[in-house]
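# Remarks on the overall topology
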Amino acid sequence: MPSPYSLPLHALRLAGKCAMPLILWFSAGELARFVLMYAATEVAYGDARQVRLVIVMTLLTIIVLASLTVTTGMLYSLRGALWEMRARAGDGVADERFFRALDRVAPAFAVLYLAWGFQNADAREVIQMDYFHNLQEGLNDSFFGEGNLVGRGLIDLDWRVSIGAMAVTFVLKLLFAKLVEQGKGKFAGFGAAFSEFAFVFYGLNGTVAIADARSEWMDHRTVVAGTKEAWQEAQEHLPAWKAITDAFGDFWPLFLDAVAVPLAWLTVAMLVFGAYSDETRALVKGTRLERGVDRLESSHDLTQKSFNQVTGGFRDRWLPLANSLRMIVNAGLPLFGMMCLCYVALDVGGQLADRWVRTLIGSRTEWEWVIQGPPLFFLHELVVTVLTMALLAATYDIAATRARLSGRPLTDV
C-alpha cells in the first residue's frame, strides 16, 4: 500500500513519465491564450463599438474555456501512468475518451471557476495586454484631450446590450442544462460551461450600474449605517476583538490559498479521472444528514426553492471541496496534509526560483525585460503548472489505491 509520504516522489515520477504531453498541452494553451487576448485587444477599437465589445466579452469566455480544455488535457495525459487506471484496465474497464471526460468536467469546472473567482486573473491579463499593446494610442488620446478607451474593453459594454446578451445566454443555459440532465448532446457539458461563463460575464456588465446605485442607497439606510457605527465602536473599545478580527483577516487568505484552492483543483482532477460526485446525497451518505436530505427532497417545492436560493453560493463554493476532502480523508489525513504542503511549496518555491534566475541574469536597462521577461515567465509557469498537475494526479492516485486495497472504493462516500 503506497504511503502518503511518498506523494512528492510519485508526483515527480508522473511528471517525468508524462513530461512531453504535459509540455505540449501547456504550450498549446499558452499560444491559444495569447492569440485570443491579442484578438481581444485588436477587435475592441473601431466603428460599431458595442458590437466589438460583445466580441471582446465572447473572447474572454473562450479564453476561460481554453483554460478548461488545457487543464483537462494535462490531467488526462497523466491517466495512463496512474496505478488506479491500470487497476481499472486490469478489471476490464475501458479507458474513457478525452472529449467524454471534457464534457463531464466542463459544467462542474464552470461552477468552481466562477465560485472561487479564478476568472478575475483572466480579465486582468486581458486588460494588461490591452494597455501594453495600445499604450501609444492611449497616450495620444490623453495628449489630445480625447476619450481614452484603452483598457476599457471589458467595462464599456452598454447595460442594455448586456441585458440582451444575458437573455440569450440564459436560454442557452437552460437548453444545455436540459441536454446534460437527459444525457443528450455530444458536447452538451461544454456548451453548458460556455453559456454559464458568458451569462456571468455579461451579467457583471449589465448589473454594475444597478449594483452601484443599490450600494449607494444601502449606505444611507439607518440599519446599515448603525451597523457600521456599532462595528467601529466595538473595534475601538474592545482591543481584543480588533486583534481577533485582524488575525482572522490575515489568516483567512492564507487558508484559502493553502487548503481551499488545492482542494478545488483536486476536485477537477477527480472529475477528469472519473471518480467524483458533487451531489449533496453523495457528500452526506452514511451520516445523520442523509435523512435530512430525504425530508428536504420530499418537502414542498417552495421550501426546496428557498433552500436552494439560500444555500446556492455555499454549495457551489464549498460542497464540491467538502466532497473531495471526504474522499481524500478516506485515504488518511497525512495525505491531505502532504498535498497542501507540496502545493504551497511549489507556489513559493517557483516564485523564489523565478526571482533567483532573474537576479542571476540581470539586465542593464529596463527595456531588456521586454524581451527577457516573457520567456522566463513562460518557463516559470510551465514548470509550476506541470508539477502541480502531477501533484493532483498523484494525490488522487494514492488516495484511490489506498482506498481500493483497503476494500473501500474511493467513490464510496
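The structure displayed is predicted, hence computed values, not measured ones.

### Things to note about unusual backbone geometry
The backbone of Ala 48 sits at a positive phi, close to 50°, despite the residue not being glycine. Tracing the chain through its elements places Ala 48 in the loop between helix H2 (19-43) and helix H3 (49-76).

### Let's talk about the packing of H3 against helix H5 (residues 98-115)
Where H3 contacts H5, the two axes come as close as 10 Å, and the packing angle between them is 125°. In terms of their interaxial angle, H3 and H5 are classed as oblique. For the element pair H3 and H5, the recorded crossing hand is right-handed. Listed contacts from H5 to Val 64, Ser 67, Leu 68, Thr 69, Thr 72, Gly 73 and Tyr 76 of H3 are Phe 98, Ala 101, Leu 102, Val 105, Ala 106, Phe 109 and Tyr 113. Classifying every residue of the contact of H3 with H5 by side-chain character gives ten nonpolar, four polar and no charged.

### Quick notes on the nonpolar core
Among the nonpolar cores identified, the biggest contains 87 residues, and Leu 7, Leu 14, Leu 68, Phe 109, Phe 197, Trp 265 and Phe 273 are the most heavily contacted of them. With sequence-adjacent residues up to four places away left out, Leu 68 is seen in contact with Leu 102, Val 105, Ala 106, Phe 109, Phe 190 and Ala 193.

### Quick notes on the environment of Asp 156
Residue position: Asp 156 is located in the loop between helix H7 (135-143) and helix H8 (159-182). As for Asp 156 and Leu 53, which are separated by 103 residues in sequence, their C-alpha atoms are 7.5 Å apart. In this structure the side chain of Asp 156 is engaged in a polar contact, spanning 3.2 Å, whose partner is the side chain of Arg 49.

### Section: H5
Here H5 spans 25 Å end to end across 18 residues, near enough to the 26 Å set by a 1.5 Å rise per residue. Along its length, H5 shows its largest kink, about 35°, at Ala 106, and proline Pro 107 lies within four residues downstream of that point. Looking only at H5, the buried set comprises Phe 98, Ala 101, Leu 102, Asp 103, Val 105, Ala 106, Ala 108, Phe 109, Ala 110, Leu 112, Tyr 113 and Leu 114. Immediately beyond the C-terminal end of H5, within one or two residues, lies Gly 117, with a positive phi of roughly 70°.

### Some points on empty space enclosed by the protein
Scanning all chains against the criterion turns up one cavity of 30 Å³ or more. In this structure, the largest cavity occupies an estimated 50 Å³ of space. Every residue along the wall of the largest cavity is listed here: Ala 40, Thr 41, Ala 44, Val 56, Val 126, Ile 127, Asp 130, Gly 153 and Leu 154. At the level of elements, H2 and helix H6 (119-133) are the ones that each hand at least two residues to the lining of the largest cavity. With three residues, the single largest contributor to the lining of the largest cavity is H6.

### Details of the pattern of salt bridges
Counted by the stated rule, this structure contains six salt bridges. The salt bridge partner of Arg 33 is Asp 122, with a shortest N-O separation of 2.3 Å. You can see Arg 33 sitting in helix H2 and its partner Asp 122 sitting in helix H6, a full 89 residues away along the chain. With respect to burial, Arg 33 and Asp 122 carry one shared label: buried. Residue Arg 49 is joined to Asp 156 by a salt bridge in which the shortest nitrogen-to-oxygen separation is 3.2 Å. With Arg 49 in helix H3 and Asp 156 in the loop between H7 and H8, the pair connects residues that are 107 residues apart, well separated along the chain. Overall, the relative accessible area of 18% leaves Arg 49 in the buried class.

### A closer look at the UniProt feature "transmembrane region" (unreviewed entry) in the protein chain
Per the UniProt entry, the sites bearing "transmembrane region" (unreviewed entry) are residues 20-41, 53-76, 159-176, 188-211, 251-276, 327-346 and 377-399 in this numbering. Overall, residues 53-76 shows 100% helix and 0% strand. The separation of its end C-alpha atoms is 34 Å. Between the end C-alpha atoms of residues 377-399 there is a gap of 33 Å, over a span that is 100% helix and 0% strand.

The rules behind the values
- Per chain, the residues get numbers from 1 upward, laid out in the order the sequence is written.
- Reporting of local features is limited, given that this is a predicted model, to residues whose pLDDT is at least 70; pairs of side-chain atoms are given and counted only at 80 or more, and all residues count toward the totals for whole chains, interfaces and linings.
- Excluded from the side-chain calculations are hydrogens and water; all other atoms, namely the structure's heavy atoms, are used.
- Runs of H or I in DSSP of at least four residues are treated as helices and runs of E of at least two as strands, each being numbered from the N terminus.
- Fitted lines through C-alpha atoms give the axes, limited to the stretch in contact for helices. The angle between two N-to-C directions lies from 0 to 180 degrees.
- For this classification, under 35 degrees means roughly parallel, over 145 means roughly antiparallel, 65 to 115 means roughly perpendicular, and everything else is oblique.
- Whether a crossing is left-handed or right-handed is set by the direction in which the near helix is turned from the far one by less than a right angle, anticlockwise for left-handed and clockwise for right-handed.
- Contact between two residues is taken to exist if any of their heavy atoms lie within 4.5 Å; hydrogens are not considered.
- The nonpolar class holds Ala, Val, Leu, Ile, Met, Phe, Trp, Tyr, Cys and Pro. Asp, Glu, Lys and Arg form the charged class, and all remaining residues, Gly among them, are polar.
- Working definition of a nonpolar core: buried Ala, Val, Leu, Ile, Met, Phe, Trp, Tyr and Cys residues. They are joined through side-chain atoms within 4.5 Å.
- Only protein chains enter the area calculation, which uses a 1.4 Å probe; residues under 20% of their type maximum are buried, those over 50% are exposed, and those in between are partly exposed.
- Pairs of N or O atoms are called polar contacts if they sit within 3.5 Å, as long as, within protein, a hydrogen donor faces a hydrogen acceptor (for residues adjacent in sequence, only side-chain-to-side-chain pairs).
- Working rule for helices: expected span equals 1.5 Å times residues minus one.
- Two axes enter the bend calculation: one fitted to the seven residues ending at the residue in question, the other to the seven starting there, and the bend is the angle between them.
- Residues are said to line a cavity or pocket when one of their atoms sits within 4 Å of a point; the points come from a 1 Å grid over protein atoms alone, cavities being sets where a 1.4 Å probe fits but cannot get out and pockets being open sets with protein on both sides within 12 Å along at least five of seven lines.
- Grid points are joined across faces, edges and corners, and a volume is the space filled by probe spheres set on the points.
- Throughout this description, the term salt bridge denotes a Lys or Arg side-chain nitrogen within 4 Å of a carboxyl oxygen of Asp or Glu.
- UniProt positions are given in the numbering used here, feature names are shortened, and annotations may be inferred rather than shown by experiment.

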